[in-house]
Amino acid sequence: MTARLNPARIGIYLLLVLFALIFLIPVYVLLSSSLKTFAEVQDLSKLWGLPAGFNLESFKAAWSGIPEKGLRGLAPNLMSSFKLTIPATLLSAMLGSMNGYVLSKWKFRGANIIFPLMLFGMFIPYQSILVPLTITLARIGLGGSLVGLILVHVVYGIPITTLIFRNYYAEVPNEMIEASRIDGAGFFSIYRHILFPLSLPGFVVVIIWQFTNIWNEFLFAVTILQRPESQPITVALRNLSGSQIKEWNMVMAGAIIAAVPTLIVYIVMGRYFIRGLLAGSVKG
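The rules behind the values
Residues numbered from 1 in each chain as written. Predicted model: local features only at pLDDT ≥ 70, side-chain atom pairs only at ≥ 80, totals over all residues. Heavy atoms only, no water. Helix = DSSP H or I, 4+ residues; strand = E, 2+ residues; numbered from the N terminus. Rg over C-alpha atoms; globule rule 2.2 N^0.38 Å. Buried < 20%, exposed > 50% of the residue type's maximum accessible area, 1.4 Å probe, protein only. Arc of directions from axis to C-beta. Contact = heavy atoms within 4.5 Å. Axes fitted to C-alpha atoms, helices over the stretch in contact; angles between N-to-C directions. Parallel < 35°, antiparallel > 145°, perpendicular 65-115°, else oblique. Left-handed = near helix turned anticlockwise from the far one by under 90°. Nonpolar A, V, L, I, M, F, W, Y, C, P; charged D, E, K, R; others polar. Phe/Tyr/Trp six-rings, centres within 6.5 Å; stacked < 30°, edge-to-face > 60°. Patch = residues over 30% accessible without salt bridge, like charges linked within 9 Å, V, L, I, M, F, W, Y side chains within 5 Å. Areas by Shrake-Rupley, 256 points an atom, 1.4 Å probe, with all protein chains shown as cover. Salt bridge = Lys/Arg side-chain N within 4 Å of Asp/Glu carboxyl O. Core = buried A, V, L, I, M, F, W, Y, C linked by side-chain atoms within 4.5 Å. Polar contact = N/O pair within 3.5 Å; in protein donor to acceptor, adjacent residues only side chain to side chain. pLDDT = per-residue confidence, 0-100.

Novice: Describe the overall build of the protein chain, and please don't skip the residues or the numbers.
Specialist: The helix and strand inventory of the protein chain stands at 13 helices and 2 strands. Over its C-alpha atoms the protein chain spans a radius of gyration of 24 Å, topping by over 25% the 19 Å that the globule rule assigns to 284 residues. Principal-axis analysis of the C-alpha atoms gives the protein chain an extent of 75 × 70 × 30 Å. Looking at the 284 residues of the protein chain, the share that counts as buried comes to 39%.

Novice: Outline helix H6 (residues 130-139), supporting the account with residue identities and numerical values.
Specialist: Those residues of H6 not exposed but buried are Leu 130, Leu 133 and Leu 137. Viewed along the axis of H6, the buried residues span an arc of 60 degrees, placing them on a single side of the element. Seen from the open side of H6, the exposed residues pointing more than 90 degrees away from its buried face are Val 131, Ala 138 and Arg 139. On the buried face of H6, the contacting elements are helix H7 (146-169) and helix H11 (219-224). Backbone geometry just downstream of H6 places Gly 141 in the positive-phi region, at approximately 80 degrees.

Novice: Hey, could you go over the packing of H7 against helix H10 (residues 200-216) for me, with residue numbers and the actual values?
Specialist: Packing of H7 against H10 brings their axes to within 10 Å, and their N-to-C directions diverge by 155 degrees. One element, H7, and the other, H10, form an angle in the roughly antiparallel class. Once H7 is placed against H10, the crossing between them reads as right-handed. Counted together, His 153, Gly 157, Ile 160, Thr 161, Ile 164, Phe 165 and Tyr 168 of H7 and Pro 201, Gly 202, Phe 203, Val 205, Val 206, Trp 209, Gln 210 and Ile 214 of H10 form the full contact between these two elements. Tallied by class, the residues present in the contact of H7 with H10 amount to 10 nonpolar, 5 polar and no charged.

Novice: I'd like a description of the packing of aromatic side chains, backed by residues and values.
Specialist: Scanning the model with the defined rule gives 15 aromatic pairs in all. Aromatic pair Tyr 101 and Trp 106: ring centres 6.3 Å apart, planes at 85 degrees, arrangement edge-to-face. Using a relative accessible area of 26% as the deciding quantity, one classes Trp 106 as partly exposed. Centroid distance Tyr 168 to Tyr 169: 5.9 Å. Interplanar angle 65 degrees. Geometry classified as edge-to-face.

Novice: Describe a nonpolar patch on the surface, naming the residues involved and giving the relevant values.
Specialist: Judged by side-chain polarity, Ile 12, Tyr 13, Leu 15, Leu 16, Leu 18, Phe 19, Ile 22, Ile 25, Leu 47 and Trp 48 come together as a nonpolar surface patch covering roughly 980 Å² of accessible area. Along the polypeptide, Leu 47 turns up in the loop between helix H2 (38-42) and helix H3 (57-64). Overall, the relative accessible area of 34% leaves Leu 47 in the partly exposed class.

Novice: Could you give me a rundown of the nonpolar core, with the residues and numbers involved?
Specialist: In this structure, Tyr 169, Tyr 191, Leu 195, Ile 233 and Met 250 are the most contacted members of the largest nonpolar core, which totals 37 residues. Mapped onto this core, the elements with two or more residues apiece are H3, helix H4 (75-105), H7, helix H9 (187-195), H10, helix H12 (233-240) and helix H13 (248-278). Residues Leu 84, Leu 133, Leu 137 and Phe 220 belong to the second largest nonpolar core, which totals 17 residues.

Novice: Which residues make up the pattern of salt bridges, and what values do they have?
Specialist: Opposite charge on two side chains makes pairing possible when the charged atoms of those side chains draw close. Following the criterion strictly, the structure yields 1 salt bridge and no others. Of the charged contacts, one joins Glu 178 and Arg 181 as a salt bridge, the two residues approaching to 3.3 Å between their closest N and O atoms. With Glu 178 and Arg 181 both in helix H8 (residues 174-182) and 3 residues apart, the pair spans about one turn of that helix.

Novice: Break down the environment of Lys 36 for me, with residues and values.
Specialist: Locating Lys 36 in the fold gives a position in the loop between helix H1 (7-34) and H2. Relative accessible area serves as the criterion here: at 2%, Lys 36 is assigned to the buried category. As a C-alpha pair, Lys 36 and Asn 249 span 213 residues in sequence and 6.2 Å in three-dimensional space. Those residues in contact with Lys 36 that lie beyond four places of it in its chain are Val 41, Lys 46, Leu 47, Gly 49, Leu 50, Pro 51, Asn 55 and Asn 249. A polar side-chain atom of Lys 36 sits 3.0 Å from the main-chain carbonyl oxygen of Gly 49.

Novice: Tell me about the environment of Arg 238, and please be specific about residues and values.
Specialist: Structurally, Arg 238 can be placed in helix H12. Considering only alpha carbons, one finds Arg 238 and Phe 187, 51 residues apart in sequence, at a separation of 47 Å. Sequence-distant contacts of Arg 238, that is, excluding residues within four places in its chain, are made with Phe 218 and Val 222.

Novice: Run through the environment of Gln 210, naming residues and quoting values.
Specialist: Take Gln 210: it is sitting in helix H10. Taking the C-alpha atoms as reference points, Gln 210 and Tyr 13, 197 residues apart in sequence, are found 34 Å from one another. Residues contacting Gln 210, with those up to four places away along its chain left out, are Thr 89, Ser 92, His 153, Gly 157, Ile 160 and Thr 161.

Novice: Give a detailed account of the confidence of the model for the protein chain, specifying residues and quantitative values.
Specialist: Mean pLDDT over the protein chain: 86, with 93% of residues reaching 70 or higher. Averaged pLDDT values over the elements of the protein chain bottom out at 77 in strand S2 (residues 71-72) and peak at 93 in H4.

Set out below in structure tokens:
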């Protein structure tokens, strides 16, 4: 039986389409500008117009740079972003999983105090800890290094990953844990054979969350890493714009290059992300 479309429902659909178009306007400008020549983007009367042709020179310039103008390409910085994001995401996910396991299934004195204190780290502004952070990294020999930046993101990611996994593991029946203890399973055996195999939806949620946040982060990267070749792509994208005449077509192309990895992550893992949300990994 076909549902009837009343005027109210049609109005809602039109409103949603309008909102979608408004949301997509910046995306259209980004894509169209990246395919235009420098002369086209300089002409403000053609801002909303389509490019005259399919021009990929801006992508080539964004990737390789323009040495004669002192503009570095994004290629080495893209690799730096992968070297930063992948280990930081995986380490923070594993630590959050272990913390969530302990705080949800192994009750101990002080657990109700430790967990809120851990969550408090989520609300500390980045700007307030920059000075002590850089001093600490310098004293432990990790100042100005990619390893130091990975450590920062792992530590800063522990509160949110712990929260997600703790709420996810809370849905696992305690009877399974008790039965495993009776059978002689220890701390790591229970985690490895029971909780970890059930953790795929939770890991998907955490990995997408952490990958996106770490990939797009700017403040820690520009503060800790001073060498241009080792900085992540978000910092390099700012440097790509130059200081005098900005080649906006190249900047827009660079922004698309920087956004592709997170887009791929969402496309590949998006459906599992929804399953993870529905499985209770962010409830409670």
